Structures are given as C-alpha cells and as structure tokens.
Amino acid sequence: MGSLSIWHWIVVIAVVLLLFGRGKISDLMGDVAQGIKSFKKGLQDDEKTAESSEPVKSIDHTSTPGATNRTDVGSKAV
C-alpha cells in the first residue's frame, strides 16, 4: 500500500494527459528548454563581460629617484 504499482502510474499519466492535453505538455517542455538556453546564454554573456573588463590598475609604491620624502605628513611634530 505504501508504493504505487504500474497501474497507479498509468492512471496518473492518463489523468495528466486528459487535463493538460498533449499539446500543452509539449509547449510547456519547449518553454522550459528555452528558459534553460537563455539562462546558459546569460551566464556566458556575464563571463565575457568579466573577461573583457579593463585590467586592474595598481599603484607603484616605490619612490622614484629625485623625489623628496616628506616627513611631516601625518605627524604632529612641534
């Protein structure tokens, strides 16, 4: 009684086909497939925009020759 036999599944499938019809089920599956395709395309577009973004700019922290070092910045010397 806990599991469904083959006859139960046949009745369930017959009721679903009667309620929704064969055309509606195939249209529904086609819509699901289009949704999956557009989702995958959106993921690929996101990856392309991430790859095509400009490179990260960095600041060179080494001092250049001839540059004066300021010691008064940030200190409260009297």
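Residues numbered from 1 in each chain as written. Predicted model: local features only at pLDDT ≥ 70, side-chain atom pairs only at ≥ 80, totals over all residues. Heavy atoms only, no water.

### A look at the overall build of the protein chain
1) Next: Helix and strand counts for the protein chain come out as one helix and zero strands.
2) Next: Looking at the protein chain residue by residue over its 78 residues, the buried ones come to 0%.
3) Next: Accessible surface, the protein chain: about 8000 Å² in total, of which carbon and sulfur atoms supply 63%. (Helix = DSSP H or I, 4+ residues; strand = E, 2+ residues; numbered from the N terminus. Buried < 20%, exposed > 50% of the residue type's maximum accessible area, 1.4 Å probe, protein only. Areas by Shrake-Rupley, 256 points an atom, 1.4 Å probe, with all protein chains shown as cover.)

### Some remarks on the UniProt feature "transmembrane region" (unreviewed entry) in the protein chain
1) Next: Mapped onto the present numbering, the UniProt feature "transmembrane region" (unreviewed entry) falls on residues 6–21.
2) Next: Helix and strand shares over residues 6–21 are 100% and 0% respectively, and the end C-alpha atoms of the span are 21 Å apart. (UniProt positions renumbered as here; feature names shortened; annotations may be inferred.)

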